[in-house]
Structures are given as structure tokens and as C-alpha cells.
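# A structural walkthrough
Letter by letter, the chains look like this.
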Amino acid sequence: MVIKSPSPGRLTIGVFDSGFGGLTVLRALLPLIPAAHYIYLGDTARLPYGSKSRETIARYAVSSAKFLHQQGAELLVIACNTATALALEDIQHALPIPVIGVIQPGAQAALQTPSPSHKSSFRPERSEVEKPASVPQVSGHNHVLVLATTATVRSHAYTHALNALGLAAHEKACPLLVPLVEEGWINHPVTDDVLKIYLTEALTADPATQTLLLGCTHYPLLQPAIQRVLTSLGHPLTVIDSADATARATAALVATHFPSLSVTGDPTTTFYATDSIEKFQRLGSNFLSQPLKEVHLLDLGG
Ligand code: DGL
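It should be emphasised that the depicted structure is a prediction, and the values quoted were computed from it without experimental measurement.

### Let's talk about empty space enclosed by the protein
- Per the stated rule, a full pass over the model turns up one cavity of 30 Å³ or more.
- The volume enclosed by the largest cavity comes to roughly 40 Å³.
- Around the largest cavity, the lining residues are T24, V25, N81, L214, C216, T217, P220, D241, S242 and A243.
- When grouped by side-chain class, the residues that make up the lining of the largest cavity number five nonpolar, four polar and one charged.

Given below as C-alpha cells:
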């Protein structure tokens, strides 16, 4: 289906996240699809989504997506793992525009990423190894560990997507990581300690893990800490952040639906947040790696 954009050569793309994390996806989109106007919505008043029920997540995500469509979005990127895992189909049914999430691109990136050649010296605790691991029995060559919110893990959306590609998946809920990132503790001993506990538990459950997929848009900010902790555990892993993969998949979707879109341009942005503008600008600049000049306050109700 080829869609005619109201302003040929220019496209309005909506980008939605429960908060700031989706700005890492926007950061990857800007250079890849420069002839676009981006409208970003961070539903910060209702964050975190990751600890809520499927019904609540779907209600919040659909109302946010409808707002972006009303603002003129012709294509929507769900730059939130939890909303993608629990509500992608609801959003696709609610809107008459192409909608893409982060899980399928993230799983594809895991398939295409080579495993590290160096050997692990990680030794799981014996008592833990003897317990039956909750790793699906897939004869894939690559074992992928997915760190994500509780709701994303419960949905098993990543396991389904990775298994469909022949990869073995083990998902680990890390509910403490989003508040630590929100607090700005991205290089903090407490965060390293928390990561060490989560990663030790996950690697003990599946010592054959070769790839680590960051299944939450907050986690890319923790990449240096994650690498540090993996090194200290003697278990190097290839770490994948789905932001770049999602941006590439979005560019492919744009090429299909809007083939006349210029490949050059100067991207423009409008930001909406449902809670404190000051906090969104302060924290958001870390995720986007540039200042967020104008942010509008939005009330989407409860
Ligand atoms: N954006 C969410 C995700 O990627 C994390 C924050 C939340 O729990 O709302 O899963």
C-alpha cells in the first residue's frame, strides 16, 4: 500500500514511549529518515508501564497513539518495549496508518549479530544449575538473554519472536533498573550491584548465553555499566540495543509506504510529555544526546 503524504517530500512520524527511553530510538531515526517531522510523546505521568496489567497498558498506549495520529502522524513508531509487547495489535487495529514496534527489529538484530568469539569464565553455582532451567528447548545456535520489564517478560513476546527465528531465549525481569535510570544513577555502585544480581541469576539459569538483548528502552543508558559487570563476571556477551534496528526497520517501512519521500532533509521535532516539562528536558537530553528545546505539557487523563 503506497500512502500519499499531505506534504510530498516530507513525512510526519509519531514516536511514542511511556517516557524518555524512546528518545534513543528517535536519536537513531533522525539521521536515517531526515526528511521527516517527528512528533514524540512521552507518557511520563503514567510511567512505568512495565509494572501494570495488559488492559491498562493497552488503554494507555492506544490513547497515546490516537493523540499522535490526531496531530498528523502518518506513520507510528512504538518506541517502548512494554507497549509493543502488550499492545502492538490493539494500536494497529485502532489506527489507519502503518505502526511498527521494537520487538521484531530487536529479535532480527539478535539473529544477525555474531556471538563473541572469546570464552566465558563464568561458573554458575552448582545448586542453581541442577534446577531445570526455564530456557526454551530450541536447537538454535545462539542463546539470547533478554532483560526487560516485568510486563514484557510476562508477555513472552521476545521468546516468541526469537524462537520463531530459531534462537533460544531466556527472559529476565529487571524491575529495579527503570527507577535507577530515572534517578540518573547510570554510573553508580548501587546500579552495578543490582545489575550483578540480575545478570548472575540470568547467566546461572542459562550459562550458554551468548547475546544480551536490551528489551527496554531505558537500558541503553546502562550499556557501560552492563559491560563493566559482564567483564567482572567473566562472561562477555554481545549486547544489542534495538534502537538502531528499529530505525532501520522504520526506514524500510517508509520506503514501502512513502516511496517519494526525499532521502535528504533537515528533521524537525515536536515533543509532548504528560508530566513535568522540566524533568523531561533534563532527563530526555541524556537519552537524545542533545537538548530538548520545546516540550509541550499534555493531559491524556488517567
Ligand atoms: N519504556 C518501557 C519499555 O521499554 C520502560 C519504562 C516503563 O516501564 O514504562 O519497556
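Once the structure has been displayed, the description carries forward.
### Focus on the sheet that holds strand 7 (residues 211-215)
- Overall, parallel pairing links the four strands, which are arranged 6-5-7-8 in an open sheet. Bordering the open sheet on either side are strand 6 (168-173) and strand 8 (238-241), each of which pairs with just one other strand. Taken pair by pair, the neighbouring strands of this sheet meet at an average axis angle of 25 degrees, ignoring direction.
- Where strand 5 (residues 143-148) meets strand 6, six bridges bridge the pair, whose relative direction is parallel. Bridge pairing in strand 6 links L147 to K172.
- Along the sheet, helix 4 (residues 103-112) makes contact with strand 5, strand 7 and strand 8, crossing strand 7 at roughly 165 degrees.

### Concerning the pattern of salt bridges
- Counted according to the given criterion, the structure contains six salt bridges.
- We note a salt bridge from K172 to E201, for which the minimum N-O separation is 2.5 Å. With K172 in strand 6 and E201 in helix 9 (residues 189-205), the pair connects residues that are 29 residues apart, well separated along the chain.
- According to the relative accessible area criterion, E201 is partly exposed, its value standing at 42%.
- Notably, a salt bridge pairs E278 with R282, separated by 2.9 Å at the nearest N-O pair. Here R282 and E278 lie together in helix 12 (residues 277-288), a separation of four residues that amounts to about one turn.
- A residue is classified by how much of its surface remains accessible, and E278, at 47% relative accessible area, is partly exposed.
- The exposure class of R282 is partly exposed, given its relative accessible area of 46%.

### Here we look at the sheet that holds strand 2 (residues 36-42)
- If you trace the six strands from one edge of the open sheet to the other, you get 4-3-1-2-9-10, paired in parallel fashion. Edge positions in the sheet fall to strand 4 (99-100) and strand 10 (295-297), since each has one partner strand and no second.
- Where strand 2 and strand 9 (residues 268-273) come together, six bridges link them in parallel fashion. When the bridges of strand 9 are listed, I39 appears paired with T270.
- With respect to the sheet, helix 1 (residues 23-32) is in contact with strand 1 (11-17), strand 2, strand 3 (75-78) and strand 9, its orientation differing from that of strand 2 by roughly 175 degrees.

### Considering helix 10 (residues 223-233)
- Buried within helix 10 we find A225, I226, V229, L230 and L233. The buried residues of helix 10 occupy an angular sector of 135 degrees when the element is viewed end-on, so they sit on one face. Turned more than 90 degrees away from the buried face of helix 10, the exposed residues are T231 and S232.
- Just beyond helix 10, the residue with positive phi is G234, at close to 70 degrees.

### Section: the side chain of T44
- Tracing the backbone shows T44 in the loop between strand 2 and helix 2 (54-70).
- You can call T44 buried: its relative accessible area is 11%.

Parameters and conventions
Residues numbered from 1 in each chain as written. Predicted model: local features only at pLDDT ≥ 70, side-chain atom pairs only at ≥ 80, totals over all residues. Heavy atoms only, no water. 1 Å grid on protein atoms, 1.4 Å probe; cavity = no way out; pocket = protein on both sides within 12 Å on 5 of 7 lines; lining within 4 Å. Points joined across faces, edges and corners; volume = space filled by probe spheres on them. Nonpolar A, V, L, I, M, F, W, Y, C, P; charged D, E, K, R; others polar. Pairing = 2+ DSSP bridges. Helix = DSSP H or I, 4+ residues; strand = E, 2+ residues; numbered from the N terminus. Axes fitted to C-alpha atoms, helices over the stretch in contact; angles between N-to-C directions. Contact = heavy atoms within 4.5 Å. Salt bridge = Lys/Arg side-chain N within 4 Å of Asp/Glu carboxyl O. Buried < 20%, exposed > 50% of the residue type's maximum accessible area, 1.4 Å probe, protein only. Arc of directions from axis to C-beta.

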